[in-house]
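Coordinate analysis (summary)
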Amino acid sequence: MAKVTVQFTCAECGTTSGRWLGKCPGCGAFGSLVEELHGSATTGTSAAPAKPVAIGVVRAEDAARIPTGVSELDRVLGGGLVPASLVLVGGEPGVGKSTLLLTALGAIARSGRRALLVTGEESAAQVALRAARLGGADAVEILAETELDTVCATLEAERPDVCVIDSVQTLHASALGSAPGSVAQVREAAGRLLRVAKEAGVATVLVGHVTKDGAVAGPRVLEHLVDCVLQFEGDRYREHRVLRATKNRFGSTNELGVFEMTSAGLEGVPDPSELFGTTHPGEVGAAVGCALEGTRPLLLEIQALVAPTDLAMPRRVGTGVDPKRLAMIVAVLGRHAGVPLANADVFVNVAGGVRIEEPGADLAVALAISSAARGVPVREGLATFGEIGLTGRLRQPSQVERRLDECAKLGIVAVVAPPGALERTSIRVVSAETLRAAITAGLEQERPVEEAAA
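The model shown is predicted, which means the values in this text are computed figures rather than measured ones.

Overview of the nonpolar core
Formed by 49 residues in total, the largest nonpolar core has its most connected members in L333, V348, I369 and L435. Elements that contribute at least two residues to this core include exactly β11 (256-262), β13 (286-293), β14 (296-308), α8 (323-336), β16 (344-350), α9 (362-374), β20 (414-417) and α11 (435-442). Sequence-distant contacts of I369, defined by excluding residues within four places in its chain, comprise A304, V306, L326, V330, L333, L341, V346 and V348. If you look at the next biggest cluster of nonpolar residues, it comprises 35 residues, including L73, V95, L102 and V127.

Written out as structure tokens, the structure is:
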């Protein structure tokens, strides 16, 4: 006999409670507990004990990765899909998740492997229309189904090499009384698909929705179950998209892939530095910084605007940069570099919609803000990188050689960096120990007030 119990589960972290609470005791979110029905067995079951084995006895065979046919996607995955792995791809609606994965499935099918697309949000005819526009996906098998038991049985019987579930929030287990997309349904679907992927050897990709904060919808246990979590970032009104890994058991989480949305689908951008790192000579408030994403150095244009404010609390707004990091850089500029910003609003933007989290881009942000505050442009053909400390001194970031090589490839003539960077034949490296010295070396000579106003 089994009875049904009522529990309240947090939609953000998965914490369960026997009664409804206005605030989740696990993550502190308000109004996130939803009612769900759970079945629990009243009689205990006995299981036979299993015999553990030593790790040295287990034979770990290196499974050959499955190339997806999309070079930027392979870069983020660490070289391709690992057989029997479970990958979660999240992103806002319309960013291009289904387009990217359908393109990858088409390339996998053309290589001679079986590729299956399980769609729960679209019909087979609607997917066929998109496949005809993209081209090259005729060999991809498709299954329009939302019943979880049917999907798992199909994977166990067919055993394709790669399967894409679009999306995991549409799957429904009839044994559970909750609605599709609820915490219990998503957790059950992920757990069942994980077991099927490991036992049948199917590389499975789950497409997940995101919340208004940009995180993958559902409990955090969903991200803990899967082997790899990919986040697809970008604005639907922009043509460029960025794919990064927030979790990867088989590769690095610092890699970044850049795509461009065209009429024929998403295409990889092999040289994003040439795309994002171009500035106009003589433009005030623009600086070029060299950031490192995994093994790929990127030249990015940092734009800044400093405007007088009438507010008691000036605004510090950053797009593509950490707001807390921006507030720290503004404070150090006012205290140690002599740039007065106490009565001014500061706006910083990373051109192209790219988001940077590396502290090596601090000096470029500070140089752009100083240029906007003083009305003096940054020297032409100059790039910079370095981490800013609270004392006003600069610290050298990692992999300086790769950054300098990327600057030399794109025709940069001078680089302002912390001490320790080697001189290049084609690049003049200016060493600066303090933030004040770096700003002096990076900005042009101040122009007269009449010329700056003109």
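Structural notes on the packing of helix α4 (residues 148-158) against helix α5 (residues 183-200)
Contact pair α4 / α5: the axes reach a minimum separation of 10 Å and the direction vectors enclose 10°. Relative to α5, the element α4 lies roughly parallel. Facing L148, D149, V151, C152, L155 and E156 of α4, the residues of α5 in contact are E188, A189, R192, L193, V196 and A200.

Regarding the confidence of the model for the protein
Confidence in the prediction of the protein, expressed as mean pLDDT, is 86, and 90% of residues score 70 or more. Across residues 447-454, confidence stays below pLDDT 50; counting only partners more than four residues off in sequence or on other chains, it has five contacts.

A few points about the packing of aromatic side chains
Applying the stated rule across the entire model yields one aromatic pair. Residues F232 and F259 carry aromatic rings whose centres are separated by 5.9 Å and whose planes lie at 85° to one another, so their mutual orientation is edge-to-face. Residue F232 is located in strand β9 (residues 228-233), and its partner F259 is located in strand β11; the two are separated by 27 residues in the primary sequence. In this arrangement the basic side chain of R403 is found over the ring face of F385, its NZ or CZ atom lying 5.6 Å from the centre.

Notes on the sheet that holds β14
Read across the open sheet, the seven strands follow the order β15-β16-β14-β13-β17-β20-β21; overall the sheet is mixed. Each end of this open sheet is capped by a strand with a single partner; those strands are β15 (316-319) and β21 (428-431). Neighbouring strand axes in the sheet, compared pairwise and without regard to direction, differ in orientation by 25° on average. As paired elements, strand β17 (residues 382-384) and β20 share three bridges and run parallel to each other.

Section: helix α2 (residues 97-110)
Helix length check: α2, at 14 residues, gives a terminal C-alpha distance of 20 Å against a target of 20 Å (1.5 Å per residue), a fit within 8%. The element α2 is largely enclosed, with a buried count of eleven among its 14 residues. Among all positions in α2, only K97, T99, L100, L101, L102, A104, L105, G106, A107, I108 and A109 are buried. Residue G112 follows α2 closely and has a positive phi angle near 105°.

Points about the pattern of salt bridges
Applying the stated criterion to the full structure yields 17 salt bridges. Measuring nitrogen to oxygen at the nearest pair gives 2.9 Å for the salt bridge that ties R114 to E141. You can see R114 sitting in the loop between α2 and β5 (115-119) and its partner E141 sitting in strand β6 (residues 141-144), a full 27 residues away along the chain. Shared partners join several salt bridges into a network, and the residues in it are E233, R244, R355 and E357.

Some words on the side chain of S370
Among the secondary structure elements, S370 is positioned in helix α9. The class for S370 is buried, based on a relative accessible area of 0%. Among residues more than four places away in sequence, those in contact with S370 are L333, V339, I439 and L443.

Let's talk about the pairing of β14
A regular strand carries its side chains on alternate faces of the sheet. Looking at chain direction, β13 and β14 are connected through eight bridges and run antiparallel. Bridging from a neighbouring strand, A287 pairs with I302 of β14. Turn length for the β13-β14 hairpin, with the two strands adjacent in sequence and antiparallel, is two residues, and the turn residue G294 shows positive phi of about 70°.

So, the environment of E293
Position of E293 relative to the elements: it lies in strand β13. Separated by 215 residues in the primary sequence, E293 and G78 place their C-alpha atoms 14 Å from one another. Among all residues touching E293, those that are not within four sequence positions of it are R244, N254, E255, L256, L298, R355, I356 and E357.

Points about the side chain of T170
Relative to the assigned elements, T170 resides in the loop between β7 (162-166) and α5. Only 2.7 Å separates the side chain of T170 from the backbone oxygen of S167, close enough to count as a polar contact. Setting aside chain neighbours within four positions, we find T170 in contact with G120, E121, T146 and P180.

The rules behind the values
- Residues numbered from 1 in each chain as written.
- Predicted model: local features only at pLDDT ≥ 70, side-chain atom pairs only at ≥ 80, totals over all residues.
- Heavy atoms only, no water.
- Core = buried A, V, L, I, M, F, W, Y, C linked by side-chain atoms within 4.5 Å.
- Buried < 20%, exposed > 50% of the residue type's maximum accessible area, 1.4 Å probe, protein only.
- Helix = DSSP H or I, 4+ residues; strand = E, 2+ residues; numbered from the N terminus.
- Contact = heavy atoms within 4.5 Å.
- Axes fitted to C-alpha atoms, helices over the stretch in contact; angles between N-to-C directions.
- Parallel < 35°, antiparallel > 145°, perpendicular 65-115°, else oblique.
- pLDDT = per-residue confidence, 0-100.
- Phe/Tyr/Trp six-rings, centres within 6.5 Å; stacked < 30°, edge-to-face > 60°.
- Lys NZ or Arg CZ within 6 Å of the ring centre and 35° of its normal.
- Pairing = 2+ DSSP bridges.
- Expected span 1.5 Å × (residues − 1).
- Salt bridge = Lys/Arg side-chain N within 4 Å of Asp/Glu carboxyl O.
- Polar contact = N/O pair within 3.5 Å; in protein donor to acceptor, adjacent residues only side chain to side chain.

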